[in-house]
Amino acid sequence: KYIVKQGSRFGYHFLLYLNDLSDLKATHLPQDLFRHKLAFQVSADDSIALFASKIASKLPEHICQYSDSLEQYSLRPFIHEGVSWDGWDVDSNGEAINSILE
């Protein structure tokens, strides 16, 4: 807990990738140790727990909610060459393509 809380002062940064908020609860780490939060559509209860509103439960597909504990906003992640995401990729012309839809 100390390393997660004080780590950034020593150059240690942590990223948790979770499928469900209950996975964070299983770590026994308090949510307030993580200032930056990013989530795609989640349940209304998880949205309230993460963002103090139901906003993340109403997000459209491929849009996520971000909060740094001071500000929060919705955004669409960008796709970069060499990094595929959810079937999407960038072709040699720089165009976004979806191999699942083709």
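Please refer to the structure higher up on the page.
A.B. asks: Just to check I follow, could you spell out the overall build of the chain for this structure?
C.D. replies: For the chain, the count of helices and strands is three helices and five strands. For 102 residues, the compact-globule estimate of 2.2 N^0.38 gives 13 Å, and the chain exceeds it by more than 25% at 16 Å. In terms of principal-axis extent, the alpha carbons of the chain reach across some 45 × 35 × 25 Å. Residues classed as buried in the chain amount to 24% of the 102 residues present. Here the contacts in the chain between residues at least 6 apart in sequence split such that 27% fall between residues at least 24 apart. Split by element, the accessible area of the chain, about 8000 Å² in all, is 54% carbon and sulfur. A gap of 17 Å separates the mean positions of the 9 positive and 14 negative side-chain charges of the chain.

A.B. asks: Explain the sheet that holds strand 2 (residues 64-67) to me, please; I cannot follow it from the model alone.
C.D. replies: Backbone hydrogen bonds are what pair the strands of a sheet, in a parallel or an antiparallel way. Ordered in space as 1-2-3, the three strands form an open sheet in which the pairing is antiparallel. Both edges of this open sheet fall to strand 1 (37-39) and strand 3 (72-75), since each of them pairs with a single strand only. In this sheet, neighbouring strand axes are inclined to one another by 20° on average, regardless of whether the strands run parallel or antiparallel. In terms of strand pairing, strand 2 meets strand 3 through four bridges, oriented antiparallel. By the bridge assignment for strand 3, Ser67 is matched with Gln72. Each of strand 1, strand 2 and strand 3 is contacted by helix 3 (residues 44-51), which is oriented at about 160° to strand 1, the strand it contacts most.

A.B. asks: Teacher, can you tell me more about the pairing of strand 2 here?
C.D. replies: The side chains of a regular strand alternate between the sheet's two faces. The two faces of strand 2 match: Cys64 and Tyr66 on one face and Gln65 and Ser67 on the other face are all buried. As paired elements, strand 1 and strand 2 share three bridges and run antiparallel to each other. Bridging from a neighbouring strand, Leu38 pairs with Tyr66 of strand 2. Counting the residues that bridge the hairpin from strand 2 to strand 3 gives four residues, and of these Ser69 lies at a positive phi of roughly 80°.

A.B. asks: Please explain unusual backbone geometry as it appears in this structure.
C.D. replies: Peptide bonds are mostly trans, and most non-glycine residues show a negative phi. Although it is not a glycine, His62 sits at a positive phi angle of roughly 70°. Positive phi values are uncommon outside glycine, yet Ser69 reaches one of about 80°. Its place among the elements puts Ser69 in the loop between strand 2 and strand 3.

A.B. asks: Sorry if this is basic, but what is going on with the nonpolar core here?
C.D. replies: Nonpolar side chains in soluble globular proteins generally cluster together in the buried interior. Formed by Leu21, Leu24, Leu33, Phe34, Ala39, Leu50, Phe51, Ala56, Leu59 and Ile63, the largest nonpolar core amounts to ten residues. Those residues within four positions of Leu50 in sequence are excluded, and the remaining contacts are Leu21, Gln31, Lys37 and Ala39.

Calculation criteria
- Residues numbered from 1 in each chain as written.
- Predicted model: local features only at pLDDT ≥ 70, side-chain atom pairs only at ≥ 80, totals over all residues.
- Heavy atoms only, no water.
- Helix = DSSP H or I, 4+ residues; strand = E, 2+ residues; numbered from the N terminus.
- Rg over C-alpha atoms; globule rule 2.2 N^0.38 Å.
- Buried < 20%, exposed > 50% of the residue type's maximum accessible area, 1.4 Å probe, protein only.
- Contact = heavy atoms within 4.5 Å.
- Areas by Shrake-Rupley, 256 points an atom, 1.4 Å probe, with all protein chains shown as cover.
- Lys, Arg positive; Asp, Glu negative; His and termini not counted.
- Charge placed at Lys NZ, Arg CZ, Asp CG, Glu CD.
- Pairing = 2+ DSSP bridges.
- Axes fitted to C-alpha atoms, helices over the stretch in contact; angles between N-to-C directions.
- Core = buried A, V, L, I, M, F, W, Y, C linked by side-chain atoms within 4.5 Å.

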